[in-house]
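# Examination of the molecular architecture
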Amino acid sequence: MASEEELFASVDALLNEEPHLPPPAERARLREAAGITQTRLATALKTTTQSVKNWENGRSEPKSPRLDAYQRLLNGWAAKYPAHGAASTAATAPAASSEPAASEGETADAPQAPTVPAAGPARPATRPAAASRRPAAKKAAQPAADPRFPHGPLAVLDGDGSAYGTGGIVLDCPATTVVELVEWTLRESGLGAAKLNRYGKDSDPLIVLTAAAAVKLGLPERLEGHEQRRSLRLPDDHPVVKQVAKAKWQLTQRGFGPWARIYRKAQGRERQCVQLAILSWDALDERSWPGVTDMDAADIARVLGMYATRVITPRGSTAVSGLELMTALRPPTKAVQDPATGNWVSGYNAGSLGTEPMDPAPPEATPEHPVVVNSGWTGGFLNEEAYQWVRSVDLLTDEECTLPFAVGLDLNTAFLAAAARLVVGLSAPDHFHNPKFNPKIPGSWLVDLSHIELDPRLPSPFTPDGSRPTGPAWYQTHTVAYAQELGYDVHPIEAYLRRETGAYLDPWHDRLKTAYVDTLADLGVTRDLDDRAFLAAMEQHKQNDEALAAVLAAIKATVKGGVGKLRERPQGKHYKEGERWPALERPTWRPDIRAAVISKARVNMHRKLLNMSRMTGLFPLAVLSDCVVYPSPGDSPLDFLPYAASGKPQPGGFRLGPTPGLAKLEGVQSMLWAVDLMEQGYNPARHIKGGDAVLDEGE
């Protein structure tokens, strides 16, 4: 039997615990019963109005000493205004909030949420999302929730009418046709996402359909027949397409395919548009979204919801989303006041690419482009591509061949690192003859770099295959500037330069870098790890949480695909050279910007290769885009990377770490294996991981 001393100690422990507040709904009831506004309460407690809102909807809790003061106030109100029909409000279950969390840092004048009709009762997910095995990591601050979209950016609709949203929410969707689904989404669901730039547009709600949901809505489980599969869309005479048209809704030019956009013309400022994604029609590419299609609806919602929060609400492939993100962060127009009339009109948003497509300079275009075909251009083209280089086996030394291992390093999102503070052209190109080279002006330069002789054990920095230039050729500004950096004179013969410039990709870089680093941190790979711990964390990070690993893969694919879309080539067997293709009609068809990113990434790679050779005497065996393979005395990068006596990495070479531009282990094989591949004409960097690498990863 417990002694009196033990019982008193237990009671004292309870008394010393922090006070327990009543449920959030009761806090709001008591304040309203007392006739006190949230703003007045915030003033009394010396906090913000948004913090009070968060306390009253369960998004956050106050901390001491504010907690004690708030508890005392609520107890006083509870004595004055007891709840009707209940002996104790303290025993009431907390009211579940269906809104995503908002930060306490929101301003006091945040807009109030408009009334959103009930979308059926929001309920907790009937099946919890897959448990995470990831190590605990510090959470990044979540963006403030937009009260106009209480249920998040998207939902995954299953065949039983359950619409799985972010944060474990499940909405009841009564729709049995696509038209009903669109109207429910716009009127009742509370789905959508706020614009990423003050001059931009809100993201349209996304509804992802499982196979069962697609069939329930009258859609085929899979696109049927050769024509549908080839065109990736339903025929115009399909019953669902007819239903959409009959209800006065429209489809975009790509029709009703895996990513169908259904809209009506905007009424005033209110957009009327819903994005659909049909999973069984391969809306989510396995290479970009590994394993996601096979997940349960709640887990798919978690993956896509996190991507939407950190990057953008998906609008198609990750390549499409990457390109759309550029425009969302740098909208082409903004409201400006007409000095003549005083009216507000649409005007150019400085730093953007504007609203009109821009033809490239002939050397920046592709051979089939109308600028090339119609002008009869024969002066050559930019060849700014990622590295594909293998050192000649004749240049391997006996000492290298006796090393036991070949170790591959991969640079994290190398294209993204190259986009940081990258100045690109914003205006049309102007043609110059015999210009003086200026490394600060973006453009394309015709210059002879064949006189530059570098160590043959390194790839040339001027060509993708690493071969020495043989005569005049077109280069992007960063490539020519690097020749100057190496100490050589450059004398351009011609140039196409742009007078208006800007760091167009900076916000794109910043958002994707944050998304990449935060997602890695959630997987247990944080910036504070030393190199040994970093390698250990990277070895198991994909096993910690499959859903988060899929988000990470999608972020990397967004970087690569977004850059690739800047020079999208024509598709279809009926295309004829010289014809314009759809991609040319958008302002974001900018091959010169793509060339600038890749040029800078390749120069960054060569700079590290050169510094490594000077610091360690080591030379690479092969390079493939952002992967480099070195001979090594051990099976770890720690065995050959340069470190100072203090243990810190030497600046200028390859460094391990989770941020863009730093390196991670790609794979390890035997040196004998690597030499055998090189003798057969294969690139060890492609296979070092144990399988085929993608030619142009840009990770």
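That block above? That's the structure.
Residues numbered from 1 in each chain as written. Predicted model: local features only at pLDDT ≥ 70, side-chain atom pairs only at ≥ 80, totals over all residues. Heavy atoms only, no water.

### Focus: the overall build of the protein chain
The following threshold applies: Working definition: helices are DSSP H or I runs of at least four residues, strands are E runs of at least two. Numbering for both runs from the N terminus. Categorising residues by exposure relies on relative accessible area from a 1.4 Å probe, with only protein chains included: less than 20% of the type maximum marks a residue as buried, more than 50% marks it as exposed, and the intermediate range marks it as partly exposed. Note on definitions: a residue-residue contact is assigned when non-hydrogen atoms from the two residues lie within 4.5 Å. Computed with the Shrake-Rupley method and a 1.4 Å probe, the accessible areas treat only the protein chains shown as cover for residues.
Secondary structure assignment for the protein chain yields 21 helices and 21 strands. Burial analysis of the protein chain (699 residues in total) assigns 50% to the buried set. Pairs at least 24 apart in sequence give 72% of the contacts found in the protein chain among residues at least 6 apart. Roughly 33300 Å² of accessible area belongs to the protein chain as shown, and the carbon and sulfur atoms make up 52% of that amount.

### Some points on the nonpolar core
Worth spelling out the cut-off: Remark: nonpolar core denotes a set of buried residues (Ala, Val, Leu, Ile, Met, Phe, Trp, Tyr, Cys) joined through side-chain atoms within 4.5 Å.
Counting residues in each nonpolar core, the largest one holds 91 residues, and the members touching the most others are Leu505, Trp508 and Phe654. For this core, the leading source of residues is helix H19 (residues 591–616), giving 10 residues. When sequence neighbours within four positions are dropped, the list of residues in contact with Leu505 reads Met326, Ala419, Leu422, Ile593 and Val597.

### Some remarks on the pairing of strand E10 (residues 344–348)
Definition in use: At least two DSSP bridges between two strands are needed for those strands to be called paired.
Sheet analysis places strand E9 (residues 333–337) next to E10, joined by 5 bridges and oriented antiparallel. In the strand pairing of E10, Thr333 is matched with Tyr348. Hairpin connection from E9 to E10: 6 residues lie between these consecutive antiparallel strands, with Gly342 at a positive phi of about 80 degrees.

### Let's talk about the sheet that holds strand E15 (residues 443–448)
Put simply, the test is: Angles shown run from 0 to 180 degrees and are taken between the N-to-C directions of axes, each axis being a line fitted to C-alpha atoms and, for helices, limited to the stretch in contact.
Spatially, the 4 strands line up as an open sheet ordered E14-E17-E15-E16, and their pairing is antiparallel. Edge positions in the sheet fall to strand E14 (430–433) and strand E16 (472–476), since each of these pairs with one other strand and no more. In this sheet, adjacent strand axes meet at a mean angle of 20 degrees when their direction is disregarded. Pairing geometry for E15 and strand E17 (residues 494–497), over 4 bridges, is antiparallel. Bridge pairing in E17 places Leu446 opposite Glu494. Packed on one face of the sheet, helix H15 (residues 477–485) meets E15 and E16 and runs near 105 degrees to E16.

### Remarks on the packing of aromatic side chains
So the rule is basically this: For Phe, Tyr and Trp, rings pair up if their centres lie within 6.5 Å, where Trp contributes its six-membered ring, and each pair is then called stacked (planes under 30 degrees apart), edge-to-face (over 60) or tilted (otherwise).
Applying the stated rule across the entire model yields 12 aromatic pairs. On the basis of an interplanar angle of 75 degrees and a centroid distance of 6.4 Å, the ring pair of Trp377 and Tyr496 is categorised as edge-to-face. Of this pair, Trp377 sits in the loop between helix H12 (370–375) and strand E11 (388–390) while Tyr496 sits in strand E17; the two residues are 119 residues apart in sequence, bridging distant segments of the chain. Of the two residues, Trp377 and Tyr496, neither departs from the other in class, the shared state being buried.

### Regarding the side chain of Gln275
We apply this condition: Identification of polar contacts relies on pairs of N or O atoms within 3.5 Å, with a donor-acceptor requirement for protein atoms, meaning one able to donate a hydrogen and the other able to accept it, and with residues adjacent in sequence counted only if both atoms are side-chain atoms.
By the element assignment, Gln275 lies in strand E8 (residues 270–278). A polar atom in the side chain of Gln275 sits 2.9 Å from the side chain of Arg261.

### Concerning the sheet that holds strand E21 (residues 663–670)
Hydrogen bonds between backbone groups are what pair the strands of a sheet, and the pairing can be parallel or antiparallel. Strand order in the open sheet made by the 5 strands is E11-E19-E20-E12-E21, with antiparallel pairing throughout. Every interior strand has two partners, whereas the edge strands, E11 and E21, have only one. Averaged over all pairs of adjacent strands, the angle between their axes in this sheet comes to 20 degrees, without regard to strand direction. In terms of strand pairing, strand E19 (residues 622–624) meets strand E20 (residues 627–632) through 3 bridges, oriented antiparallel. Paired with Ala622 across the bridge in E20 is Val629.

### Observations concerning unusual backbone geometry
The backbone phi angle of Lys248 is positive, close to 70 degrees, even though this residue is not glycine. By the element assignment, Lys248 lies in the loop between helix H9 (239–246) and strand E6 (250–251). Within the chain, Asp282 stands out as a residue other than glycine whose phi angle is a positive 65 degrees. Mapping Asp282 onto the fold places it in the loop between E8 and helix H10 (297–310).

### Thoughts on H15
Among the residues of H15, those classed as buried are Thr477, Thr479, Val480, Tyr482 and Ala483. Of the surrounding secondary structure, the elements contacted by the buried residues of H15 are E15, E16 and H19. Its side-chain oxygen 2.7 Å from the backbone nitrogen of His478, Gln476 forms the N-cap of H15.

### Examining the side chain of Ser636
Its location among the elements puts Ser636 in the loop between E20 and E21. Overall, Ser636 belongs to the buried group, its relative accessible area being 16%. Contact partners of Ser636, with chain neighbours within four places excluded, come to Val407 and Leu535.

### So, the packing of H15 against H19
To be explicit about the condition: What sets the label is the angle itself: under 35 degrees gives roughly parallel, over 145 gives roughly antiparallel, 65 to 115 gives roughly perpendicular, and the rest give oblique. Each residue is assigned to one class: nonpolar for Ala, Val, Leu, Ile, Met, Phe, Trp, Tyr, Cys and Pro, charged for Asp, Glu, Lys and Arg, and polar for all the others, Gly among them.
Interaxial distance between H15 and H19 falls to 8 Å at its minimum, and their mutual angle equals 25 degrees. In this view, H15 runs roughly parallel relative to H19, as classed from their interaxial angle. Residues His478, Thr479, Tyr482 and Glu485 of H15 touch H19, and the partners they reach there are Ala596, Ser599, Lys600, Arg602, Val603, His606, Arg607 and Leu610. Classifying every residue of the contact of H15 with H19 gives 4 nonpolar, 4 polar and 4 charged.

### Quick look at the pattern of salt bridges
Our working rule: Take a side-chain nitrogen of Lys or Arg and a carboxyl oxygen of Asp or Glu: if they are within 4 Å of each other, that pair is a salt bridge.
Per the stated rule, a full pass over the model turns up 27 salt bridges. Note that Arg310 and Asp522 form a salt bridge whose closest N and O atoms lie 2.5 Å from each other. Within this pair, whereas Arg310 is found in helix H10, its partner Asp522 is found in helix H16 (residues 506–522), the two being separated by 212 residues in sequence. As far as burial versus exposure is concerned, Arg310 and Asp522 are alike and both buried. When the shortest N-O distance is used, the salt bridge between Glu385 and Arg567 registers 3.6 Å.

Any functional reading would require information that these geometric values do not contain.
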